[in-house]
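# Architecture and fold: a report
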Amino acid sequence: MGRLFYSRKVVKLEKSHLSEEYKNKSELPKHLRLDLSTVCQLKCPSCYMRQEEEAVKNGCKIGNMKFENFKKLVDENDIEDIEISNSGEIFLNPDLVKILEYAHKKHIRLTADNGVNLNNLTEEQAEALVKYELASMTISLDGASQETYSKYRIGGDYNKVIENIEKINKYKNKYKNGCPHIVWKFIVFGHNEHEIPRAKKEAKRLKLEMKFDANWDPKYSPVKDKEMVIKETNIQSLDVNVSPCEQLKEFEDGDVDWFFCRDLWDGPQINWDGQILGCCANFKENFGGNAFKDGLLNALNNPKMIYAKNMVTNNAKPAKDIPCSRCWVYRDMYKNNKWLKSPKNESKK
């Protein structure tokens, strides 16, 4: 198919399209993705948020979700679990402890699996993670020494991160609680591959699950000893130096299940200010609705959101005012004529 041929600006949808409006709140997804903070103290080279000034210039909004807005959202809707991390550092949100406490009171399962850097963690926050049972958390820690870690996580303090992990473990022992389950995520680069064995030993000492990931930016610090890395990390057949787009093709060849796009149904991404971002791969382009101002039902029933669902299931032509049109995942779908099978308004249970 190749080049995208856009339709005119979206006004309304044909009734024959598969994805339609939610009729009432009972049909809304039970799982949400909230960005509690888009503020970050690190300046990782491949991150679009590495400079706040640059991020704002490119359309990103910097801020923290207020407790009052979080409370309103969960009070007005039947939500079972929420992913609270995405583009910023949740521990920089001053309302984090109150959010954790209230979610626990409402029996809402919280996770921070998209990742945290854990450079800043107060005693109150460390205790709250355990006491209010954050289910799981992934720590981005690409190295086993300050020298190696700080090459990519610019501005980060490796020893401080280890200290903060031990702080959490202290409260796990106090409360006899295994929450949160913590994953050490190590992105493999050419400059840190030699520390893989040391990192594995340290993860075992700290009682963390260890996971390795390929570098998403093949131009930055490419892996040198590919054979060793694959053997030590179980990254398997992935070429650790290819782009994420190529990696995704290798995974999804055949029965296509574009995991980013499923967020539109299973766990729509909501920014700290209530704007509907759709999926966790979209950091700045609003679909038009606001979960705090319009209510979740009206926000997710926004015409752009519905049109996007039909685009990724090949039931609508690409439109310029739909954020998906500028996404590499959608462009791959269009190019290869491989589309997401419509979930038919099924939400994650």
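Whatever comes next refers back to the structure up there.
Below is a short write-up of the structure. Note that the coordinates shown come from a computational prediction; the quantities given were computed from them, not determined experimentally.

About the criteria used
- Residues numbered from 1 in each chain as written.
- Predicted model: local features only at pLDDT ≥ 70, side-chain atom pairs only at ≥ 80, totals over all residues.
- Heavy atoms only, no water.
- Helix = DSSP H or I, 4+ residues; strand = E, 2+ residues; numbered from the N terminus.
- Contact = heavy atoms within 4.5 Å.
- Areas by Shrake-Rupley, 256 points an atom, 1.4 Å probe, with all protein chains shown as cover.
- Axes fitted to C-alpha atoms, helices over the stretch in contact; angles between N-to-C directions.
- Parallel < 35°, antiparallel > 145°, perpendicular 65-115°, else oblique.
- Left-handed = near helix turned anticlockwise from the far one by under 90°.
- Pairing = 2+ DSSP bridges.
- Nonpolar A, V, L, I, M, F, W, Y, C, P; charged D, E, K, R; others polar.
- Buried < 20%, exposed > 50% of the residue type's maximum accessible area, 1.4 Å probe, protein only.
- Expected span 1.5 Å × (residues − 1).
- Polar contact = N/O pair within 3.5 Å; in protein donor to acceptor, adjacent residues only side chain to side chain.
- Core = buried A, V, L, I, M, F, W, Y, C linked by side-chain atoms within 4.5 Å.
- Phe/Tyr/Trp six-rings, centres within 6.5 Å; stacked < 30°, edge-to-face > 60°.

## Some remarks on the overall build of the protein chain
- Within the protein chain one finds 13 helices and eight strands.
- Of all intrachain contacts in the protein chain linking residues separated by at least 6 positions in sequence, the fraction that spans at least 24 positions is 72%.
- In the structure as shown, the protein chain presents an accessible area of about 16,700 Å², 48% of it carried by carbon and sulfur atoms.

## Some details on the packing of helix H3 (residues 96-105) against helix H4 (residues 123-131)
- As a packed pair, H3 and H4 sit with axes 10 Å apart at the nearest point and diverge in direction by 15°. Put simply, H3 runs roughly parallel to H4. Of the two elements, H3 crosses H4, and the hand of that crossing is left-handed. Facing H3, whose interface residues are Leu 96, Val 97, Leu 100 and His 104, H4 presents Glu 124, Gln 125, Ala 128, Leu 129 and Lys 131.

## Some words on the sheet that holds strand S5 (residues 181-188)
- A sheet is described by the order of its strands in space; here eight strands give the open sequence S6-S5-S4-S3-S2-S1-S7-S8, paired in mixed fashion. Two strands lie at the open edges of the sheet, namely strand S6 (209-214) and strand S8 (276-278), each paired on one side alone.
- With three bridges connecting them, strand S3 (residues 109-116) and strand S4 (residues 136-140) associate as parallel partners. The residue bridging Ala 112 from the neighbouring strand is Met 137, located in S4.

## Quick look at the packing of helix H10 (residues 259-266) against helix H12 (residues 303-312)
- H12 packs onto H10 with a crossing angle of 140° between their chain directions and a minimal axis gap of 10 Å. Between H10 and H12, the crossing angle belongs to the class labelled oblique. Regarding H10 and H12, the two cross each other, and that crossing is left-handed. Across the interface between the two elements, Cys 261, Leu 264 and Trp 265 from H10 touch Met 305, Ala 308, Lys 309 and Val 312 from H12.
- A breakdown of the residues in the contact of H10 with H12 according to their chemical character gives six nonpolar, no polar and one charged.

## A closer look at H3
- Of the residues making up H3, those classed as buried are Leu 96, Val 97, Ile 99, Leu 100, Tyr 102 and Ala 103.
- The inward-facing, buried residues of H3 contact helix H2 (67-76), S3 and H4.
- Phi turns positive one or two residues past the end of H3, at His 107, with a value near 60°.

## Let's talk about helix H6 (residues 158-175)
- Taking 1.5 Å of rise per residue, the 18 residues of H6 would be expected to cover 26 Å, and the 26 Å separating its terminal C-alpha atoms lies within 8% of that figure.
- Its buried side turned inward, H6 meets H4, S4, helix H5 (146-152), S5 and helix H7 (196-205).
- By the N-cap criterion, in which a side-chain oxygen at the helix start approaches the backbone nitrogen of a residue two or three places on, H6 is capped by Asp 157, the distance to Asn 159 being 3.1 Å.
- Where H6 ends, the next residue or the one after it, Lys 176, has phi of about 50°, a positive value.

## Re the nonpolar core
- Residues Leu 118 and Met 137 are the most contacted members of the largest nonpolar core, which totals 94 residues.
- Excluding residues within four positions of it along the chain, Met 137 makes contact with Phe 91, Ala 112, Asp 113, Val 116, Leu 118, Leu 129, Ile 168, Pro 180, His 181, Ile 182 and Val 183.

## A few points about the packing of aromatic side chains
- Under the definition given, this model contains nine aromatic pairs.
- A connected cluster of aromatic rings, assembled from ring pairs, spans Tyr 152, Phe 189 and Tyr 220.

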